[in-house]
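Chain residues, written in single-letter form:
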Amino acid sequence: RLGLDGYPELQERIRILVRSRLRGADQDAQADNSVAHLGESTAAASLRHDLDNLRHTILDLDPATLDKAIGIIGSARRVFFIGGLASGSLADYAAHTFNRLRGNAHVLGHGDAAPEILDLTSDDVLVVFCFPPYASRTLQVLEAARKQDVTVVGITDSVISPMGQVDVTLTSRVSGIGPQNSLRS
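A quick note: this is a predicted structure, and the numbers were derived from the prediction, not measured.

What counts, and at which threshold
Residues numbered from 1 in each chain as written. Predicted model: local features only at pLDDT ≥ 70, side-chain atom pairs only at ≥ 80, totals over all residues. Heavy atoms only, no water. Helix = DSSP H or I, 4+ residues; strand = E, 2+ residues; numbered from the N terminus. Expected span 1.5 Å × (residues − 1). Buried < 20%, exposed > 50% of the residue type's maximum accessible area, 1.4 Å probe, protein only. Arc of directions from axis to C-beta. Contact = heavy atoms within 4.5 Å. Pairing = 2+ DSSP bridges. Axes fitted to C-alpha atoms, helices over the stretch in contact; angles between N-to-C directions. Salt bridge = Lys/Arg side-chain N within 4 Å of Asp/Glu carboxyl O.

Chemist: Residue-level account of helix H4 (residues 88-101), with values.
Modeler: Helix length check: H4 (14 residues) gives 20 Å between terminal C-alpha atoms against 20 Å at 1.5 Å per residue, within 8%. Three or more residues of H4 are buried, namely Gly88, Ala91, Ala94, Ala95 and Phe98. One side of H4 carries all its buried residues, which in axial view fall inside an arc of 125°. Opposite its buried face, H4 presents the exposed residues Tyr93 and Arg100, each directed more than 90 degrees away. In this fold, the buried residues of H4 make contact with helix H3 (63-75), strand E1 (79-83), strand E2 (105-107) and strand E3 (125-130). In the segment just after H4, Gly103 is the residue with positive phi, at about 85°.

Laid out in structure tokens, this is it:
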């Protein structure tokens, strides 16, 4: 049900997770103090938290998985991006940036995306941003794309998120210390 090939794959994922957490603990001890000049303000606490999330995200990246995602996206005819709730702005920004680099990137609309989904082919790639509280509409679009054999690159908080098994999954640590509960984990 986790989308793994078996117990050995689960063991390997846990090994990678434990190794990255141990590396992260060492680096946390020598944490970058680049916001020290801001004192103990709320802004400083928020920025420290963001730096910690970024540091953990980088430590958890698997180079082979990242290279695979880059290869898939780079060779696609068209790249579609989708994200719901707080992740929608990530999809918008990613599509805008990708269009500046290469072109032919599209954001699936925030309204009814059915016509756009029907236009997807196996030559296209769908990049899905899906973080807690996991927008049901985003998951529905993902399922529709899977039925059309569209390659999917998922960017989420955990390999066992409701997004399930996709062609490539990149994880990002997300949590917030502010009122944006949609990014709390």
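Chemist: Describe the sheet that holds strand E4 (residues 151-156), and please don't skip the residues or the numbers.
Modeler: One open sheet holds the five strands; their spatial order is E2-E1-E3-E4-E5, and the pairing between them is parallel. Pairing within the sheet leaves two strands with one partner each, and these edge strands are E2 and strand E5 (168-171). Averaged over all neighbouring strand pairs, the angle between strand axes comes to 20°, with direction disregarded. Running over the sheet, helix H6 (residues 136-147) touches E1, E3 and E4 and is turned about 155° from E3.

Chemist: Can you explain the pattern of salt bridges? Please cite residues and give values.
Modeler: The full count for this structure, using the stated rule, is six salt bridges. Across the salt bridge formed by Asp119 and Arg78, the nearest N and O atoms sit 2.7 Å from each other. Pair noted here: Asp119 is in the loop between helix H5 (114-118) and E3 and Arg78 is in the loop between H3 and E1, with a separation of 41 residues, a long-range link. Overall, Asp119 belongs to the partly exposed group, its relative accessible area being 42%. Residue classification places Arg78 among the buried positions, given a relative accessible area of 10%. The structure contains a network of salt bridges with shared partners spanning Arg77, Arg78, Asp119 and Asp124.

Everything listed here is a matter of coordinates, which is why it stays silent on function.
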